[in-house]
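Analysis of the macromolecular model
Each chain, letter by letter, is given below.
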Amino acid sequence: MTAAGKHSLKGIGILEPMSEAGRQKLESLCRWREFTRDEQIIDRDSDTGDVFFVVRGKVRVVNYSYTGREVSYDDLGAGGVFGELSAIDGAPRSANVVALNNTTVAAMSPEQFRQSLAENPEFALSVMIRLVEIIRGSTDRIMDLSTLGAYSRVYAEILRLARENAGDDNSSTIRPVPVHSDVASRAGTTRETVARALSDLSRKGIAKREDDALLVSDINQLEEIVEGPGGN
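Below you will find a few notes about this structure.

What counts and how
Residues numbered from 1 in each chain as written. Predicted model: local features only at pLDDT ≥ 70, side-chain atom pairs only at ≥ 80, totals over all residues. Heavy atoms only, no water. Buried < 20%, exposed > 50% of the residue type's maximum accessible area, 1.4 Å probe, protein only. Helix = DSSP H or I, 4+ residues; strand = E, 2+ residues; numbered from the N terminus. Pairing = 2+ DSSP bridges. Phe/Tyr/Trp six-rings, centres within 6.5 Å; stacked < 30°, edge-to-face > 60°. Salt bridge = Lys/Arg side-chain N within 4 Å of Asp/Glu carboxyl O.

To continue, consider the pairing of strand β4 (residues 58-64). Of all seven residues making up β4, five are buried, and the element is well covered by its neighbours. Both β4 and strand β7 (residues 96-99) contribute to a ladder of four bridges, which runs antiparallel. Paired with Val61 across the two strands is Val97, which belongs to β7.

In structure tokens:
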């Protein structure tokens, strides 16, 4: 555990609408914790309700099927937040959260989190917007799993990454190269299917690996493949 005075919540997305004084008050309510790579931060089976702000590093929100297959929901870097659902409704955790590298988080108790929402309307609105984003993302994912074939789900995940790293010329450089198992976890398929789908994109001239990056030459064309009729 690290002393609170060495850290700040500046840069946390949902806190941006707050005044500096309001943010500093929240900082005083947090407990600062350090996690190493692959260390579990939240166990789905736990009855804790803390909210966590990612100050440094990166975490993964993930679940596991009865057969042990990993299902990844999201990766959150510095500025992200997780754990707010249980803090709001008091229900059990809905997923596990694991540190992907050395990570610093600020933990706030559910009671303090709810009190802060009641006392800061701008903070409450920011949290509501965050929850809407989660719902919209889940809706899109359900549609993908329900309507797209395995290849197209892989293409959709590559398209999401490409949009996050898009340049001004309809191209994108995704760095580092997406790990096949990570893409498979998010697309609900296997690593072998991911490898074949990426090879297919390479044959079509849409994406190719170059050193430590995946280059997507035509985002619009990839979008047309994902949103077009049918699917592989």
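In this section: the packing of aromatic side chains. Within the structure shown, the criterion is met by three aromatic pairs. Arranged with centres 6.3 Å apart and planes meeting at 70°, the rings of Tyr151 and Tyr155 form a pair that is edge-to-face. On the criterion of helical spacing, the pair formed by Tyr151 and Tyr155 is a turn pair, its members being four residues apart in helix α5 (residues 150-164).

Inspection of every chain in the model, using the stated rule, returns 15 salt bridges. The salt bridge partner of Arg163 is Glu227, with a shortest N-O separation of 3.9 Å. With Arg163 in helix α5 and Glu227 in helix α8 (residues 219-227), the pair connects residues that are 64 residues apart, well separated along the chain. Here Glu227 falls in the exposed class, since its relative accessible area comes to 58%.

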